[in-house]
Amino acid sequence: MYPKDSLENWFQGKGIWQDTPDKDWFNWTWQLKNRITNLEKLEKHIDLTPEERVGCEFANTKLALAITPYFFNLIDRNDPNCPIRLQVIPRGAEMNVSAVEKLDPVGEEDSMVVPGLVHRYPDRVLFLVTDRCAAYCRYCTRSRLVSNAQDYNFHPELESGLKYIEEHNEVRDVLLSGGDPLLLSDNKLDNLLSRLKQIKHVEFVRIGSRIPIFLPQRITPELCDILRKNGPIWMSIHVNHPKECTHELKEACDRLALSGVPLGNQSVLLRGVNDSVETMKSLVHRLLMMRVRPYYLYQCDLVTGSEHFRTEVNKGIEIIEGLRGHTTGYAIPQYVIDAPGGGGKIPVNPQYVDGITSAEVHLRNYTGKKYKYSFE
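These remarks concern the structure in this document. Everything numeric in this text was worked out from a predicted model, so none of it was measured. (Residues numbered from 1 in each chain as written. Predicted model: local features only at pLDDT ≥ 70, side-chain atom pairs only at ≥ 80, totals over all residues. Heavy atoms only, no water.)

Focus on the sheet that holds strand β9 (residues 334-339)
- Spatial ordering of the open sheet is given by β1-β2-β3-β4-β5-β6-β7-β8-β9-β10, a layout of 10 strands whose pairing is mixed. The two strands at the open ends of the sheet, each matched to only one other strand, are β1 (112-114) and β10 (344-347).
- Here three bridges tie strand β8 (residues 292-299) to β9, and the two strands are oriented parallel to one another. Residue pairing for β9: Y296 is matched across the bridge by Q334.
- Contacts from helix α7 (residues 158-167) reach β1, β2 (117-118), β3 (124-128) and β4 (173-177), with the element oriented near 170° to β3.
- Its contacts with the sheet put helix α12 (residues 277-289) on β7 (263-269) and β8, and the angle it makes with β8 is roughly 145°. (Pairing = 2+ DSSP bridges. Helix = DSSP H or I, 4+ residues; strand = E, 2+ residues; numbered from the N terminus. Contact = heavy atoms within 4.5 Å. Axes fitted to C-alpha atoms, helices over the stretch in contact; angles between N-to-C directions.)

Shown next as structure tokens:
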């Protein structure tokens, strides 16, 4: 709420890379080349806890370490419990695997019709087009695949995927994901999107990306031109905490929105990161200021090594209740569990209906007051 969420309190600038020339700092390929990708590079900038050091030593057998200079600036280097730090710096807890956790927690492999193409829902497909990200979230559902630290050896078969889509008239919606599709070069992305646009039964394309958050420099005018000409394209970005809302991210979202790309946000509910009504309310307010509609709040998937991130489901319900009626409806995401084993996204909502009969519905509002809606 104002003044905490007003723009003057959002991060901007180069942080500890203050001496880097603008031509490099605002170049997305420079950001990628200068990522922090190992323990030695990380310890040049931050004093790690023993738990973090152990996690970094283990990372290359589970999920690689990579943080862009831009995103590293958002970390509080004096606070081991910084919500940004928790998301991208490995911890020893990743080595612990509980009995309920799986490498493929939402059953994508069982619905994979060709390598990289998941057809679970009747009218839409998930197209995994790369295994690379600009930075790696430590709770990643596809940690088996992205960065290839676990020798998954994923190689997207784009032609096979396109052929399958062409041959299945029921597919009207294609979601590009990975890894991160926006790491493809302009030429590759343009070719892929134009190929999809030529398929008559494909009505629109969605892109799932965390690039605007990790690497807003990638959202160039040239990229926006590609998205505009190949539309309609929708994009789901992934912001978990208000600190991730910066001036550079806002500018990137403005460029996307003004290029005709509707924006939604998918957050993951994470212990110690965003598991409070206050934090989530700040986040959704900032998202709307960036032209981004809060879309999903995910219960953290049962991916291996993620137990330290997961909250109870009641926490998610509590957050939605704390938003409903206390802020605009545009700001309230749908809380979902992506059902283990391939059941798909299942909404989990607070209960506002106390009972239904043939004559009336008994309701309660956000304050707890009782109401009756009669049919007769």
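What about the pairing of strand β11 (residues 353-356)?
- Sheet topology note: the β11/strand β12 (residues 360-364) ladder contains three bridges and is antiparallel. Each residue of the ladder has a partner; that of V353, found in β12, is L363.
- Joining the antiparallel neighbours β11 and β12 is a turn of three residues.

A few points about α12
- Under the 1.5 Å per step criterion, the end-to-end length of α12 is 18 Å for 13 residues, consistent within 8% with the ideal 18 Å.
- Looking at α12, one finds that the buried residues are T279, M280, K281, S282, L283, V284, H285, R286 and L287.
- Buried residues in α12 make contact with β7, β8 and α13 (313-323).
- Looking one or two residues past α12, R291 carries a phi angle of roughly 70°, positive in sign. (Expected span 1.5 Å × (residues − 1). Buried < 20%, exposed > 50% of the residue type's maximum accessible area, 1.4 Å probe, protein only.)

Some thoughts on the pairing of strand β6 (residues 233-237)
- Extensive coverage of β6 is indicated by the burial of four of its five residues.
- Pairing between strand β5 (residues 204-208) and β6: four bridges, direction parallel. In the strand pairing of β6, R206 is matched with W234.
- Alignment of β6 against β7, held across three bridges, turns out to be parallel. Pairing of M235 across the sheet is with L263, part of β7.

A word on helix α10 (residues 221-229)
- Within α10 the residues assigned to the buried category are L223, C224, I226 and L227. Seen from one end, α10 has its buried residues packed into an arc of 155°, which puts them on one side. Away from its buried face by more than 90 degrees, α10 exposes P221 and K229.
- Summarising the contacts, the buried residues of α10 are in contact with α8 (186-197), β5, β6 and α11 (247-258). (Arc of directions from axis to C-beta.)

Here we look at unusual backbone geometry
- Geometrically, the link from G231 to P232 is a cis peptide bond, its omega value of 5° lying close to zero.
- With respect to the helices and strands, the residue P232 is situated in the loop between α10 and β6.
- For N148, which is not glycine, the phi dihedral falls at a positive 60°.
- Residue placement: N148 occurs in the loop between β3 and α7.
- Phi at N153 takes a positive value of approximately 60°, unusual for a residue other than glycine.
- Relative to the helices and strands, N153 is located in the loop between β3 and α7.

Overview of a nonpolar patch on the surface
- There is a patch of nonpolar side chains on the surface, built from V353, I356, Y373 and F375 and spanning about 440 Å² of accessible area.
- Taking relative accessible area as the criterion, F375 reaches 47% and is therefore assigned partly exposed. (Patch = residues over 30% accessible without salt bridge, like charges linked within 9 Å, V, L, I, M, F, W, Y side chains within 5 Å. Areas by Shrake-Rupley, 256 points an atom, 1.4 Å probe, with all protein chains shown as cover. Salt bridge = Lys/Arg side-chain N within 4 Å of Asp/Glu carboxyl O.)

Some points on the environment of E157
- Within the secondary structure, E157 sits in the loop between β3 and α7.
- On the basis of relative accessible area, E157 is assigned to the partly exposed category, the value being 36%.
- Ignoring sequence-local partners within four residues, the contact set of E157 consists of P115 and F127.
- For E157, the side chain forms a polar contact with the side chain of S160, separated by 3.2 Å. (Polar contact = N/O pair within 3.5 Å; in protein donor to acceptor, adjacent residues only side chain to side chain.)

Describing the packing of aromatic side chains
- One pass over the full model with this rule turns up nine aromatic pairs.
- Arranged with centres 4.8 Å apart and planes meeting at 90°, the rings of F71 and F214 form a pair that is edge-to-face. A residue pair is termed long-range when its members are at least 10 positions apart, and F71 in helix α5 (residues 69-72) and F214 in helix α9 (residues 211-214) qualify at 143 residues.
- F71 sits in the buried class, given a relative accessible area of 0%.
- Consider the rings of Y152 and F154, whose centres lie 6.2 Å apart with planes at 50°: the pair is tilted.
- Here the aromatic cluster, defined as three or more aromatic residues joined through ring pairs, consists of W17, W25, W30 and F72.
- Residue placement shows R124 over the ring face of Y121; its charged tip is 4.1 Å from the ring centre.
- Over the face of the ring belonging to W28 we find R218, whose NZ or CZ atom lies 4.1 Å from the ring centre. (Phe/Tyr/Trp six-rings, centres within 6.5 Å; stacked < 30°, edge-to-face > 60°. Lys NZ or Arg CZ within 6 Å of the ring centre and 35° of its normal.)

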